[in-house]
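Okay, here's what each chain looks like letter by letter:
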Amino acid sequence: SLPGGMAAIFDAVGDARFVTFFQQTLLPSSYYDMFPLAVMRYHGAKLVNEDFFEHVYQRGLRIVQKDINGIYKMLLKVITPKMIINRLVAVNQTYYDFGPMSVEAKSSREAIISRTEFPVKLVPWYTPATLGYVDGAMTLNGAKDVRMHMQWKRSRGEQHGEDLCDGNLKLTWK
């Protein structure tokens, strides 16, 4: 919990456009600029004196626990980890309207999730957010010893004035 809540973050950012963004009604079925969310997490971590990566990772864990309740919690018990990964990619694409994503199953306990044409500036935020969310979902599904490694490389030029990159998340579990 952040002392002072969103008002403390608004003060730390000091930009009226940021306040305007977060005062709008955010609908799950709509796309939004993700940069303000990354900025919010950066200032939130600073205000509570936490490491940025760990702060965002833990937030990813909390979000998946909130997202997966009720009927979804029961479904987690009957579907396979590979099905979870495929569903996570579909959900991820509804949250983040950046470049295509794909899943390659390497074995029954290993997969590679690829994301292309992703804004370089969002990588420091997106990486721990994704790792936390995926770790949480896989663990809730019953996967053991979940291990993840994410790698990014700049190679896509730019879009809308933003440098782009490609990333791969190697995921293994027992």
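What you see is a predicted model; the values in this text were computed from it and never measured. (Residues numbered from 1 in each chain as written. Predicted model: local features only at pLDDT ≥ 70, side-chain atom pairs only at ≥ 80, totals over all residues. Heavy atoms only, no water.)

Peer 1: Could you give an account of the overall build of the chain, naming the residues involved and the relevant values?
Peer 2: Of the regular secondary structure elements, the chain holds seven helices and four strands. When the elements of the chain are put in sequence order from the N terminus, they spell out α-α-α-α-α-α-β-β-α-β-β. Relative to a compact globule of 174 residues, whose C-alpha radius of gyration would be 16 Å, the chain shows 17 Å and is just as compact. Its C-alpha atoms put the chain at 50 × 40 × 30 Å along the principal axes. Once local pairs closer than 6 in sequence are excluded, the contacts in the chain between residues at least 24 apart make up 59%. Accessible area of the chain: about 10300 Å², with a carbon and sulfur share of 54%. (Helix = DSSP H or I, 4+ residues; strand = E, 2+ residues; numbered from the N terminus. Rg over C-alpha atoms; globule rule 2.2 N^0.38 Å. Contact = heavy atoms within 4.5 Å. Areas by Shrake-Rupley, 256 points an atom, 1.4 Å probe, with all protein chains shown as cover.)

Peer 1: So what's going on with the side chain of Arg41? Which residues, and what values?
Peer 2: With respect to the helices and strands, the residue Arg41 is situated in helix α3 (residues 35–47). An unpaired buried charge is present at Arg41: no salt bridge exists, and Glu50, the closest side chain of opposite charge, is 7.6 Å distant. Not counting residues up to four positions away in its chain, the partners in contact with Arg41 are Phe52, His55, Val56, Arg59 and Trp125. (Buried < 20%, exposed > 50% of the residue type's maximum accessible area, 1.4 Å probe, protein only. Lys, Arg positive; Asp, Glu negative; His and termini not counted. Salt bridge = Lys/Arg side-chain N within 4 Å of Asp/Glu carboxyl O.)

Peer 1: Explain the packing of aromatic side chains to me, and be specific about the residues and the numbers.
Peer 2: Across all of its chains, the model carries seven aromatic pairs by this definition. A ring pair is formed by Phe21 and Phe22, whose centres lie 4.9 Å apart and whose planes are at 85°; its orientation type is edge-to-face. Phe22 carries the same exposure label as Phe21, and that label is buried. Here the aromatic cluster, defined as three or more aromatic residues joined through ring pairs, consists of Phe10, Phe18, Phe21 and Phe22. (Phe/Tyr/Trp six-rings, centres within 6.5 Å; stacked < 30°, edge-to-face > 60°.)

Peer 1: Summarise a nonpolar patch on the surface; cite the residues concerned and give the values.
Peer 2: A cluster of nonpolar side chains, Tyr72, Leu75 and Val78, forms an exposed patch at the surface whose accessible area comes to about 320 Å². Along the chain, Val78 falls in the loop between α5 (71–76) and α6 (81–95). (Patch = residues over 30% accessible without salt bridge, like charges linked within 9 Å, V, L, I, M, F, W, Y side chains within 5 Å.)

Peer 1: So what about the packing of α3 against helix α4 (residues 52–67)? Which residues, and what values?
Peer 2: Two elements in contact, α3 and α4, have axes whose closest approach is 9 Å; the angle formed by their N-to-C orientations is 115°. The element α3 and its partner α4 pack so that their crossing is right-handed. Residue-level contacts link Ala38, Arg41, Tyr42, Gly44 and Ala45 of α3 to Phe52, His55, Val56 and Arg59 of α4. Of the residues contributing to the contact of α3 with α4, the split by class is five nonpolar, two polar and two charged. (Axes fitted to C-alpha atoms, helices over the stretch in contact; angles between N-to-C directions. Left-handed = near helix turned anticlockwise from the far one by under 90°. Nonpolar A, V, L, I, M, F, W, Y, C, P; charged D, E, K, R; others polar.)

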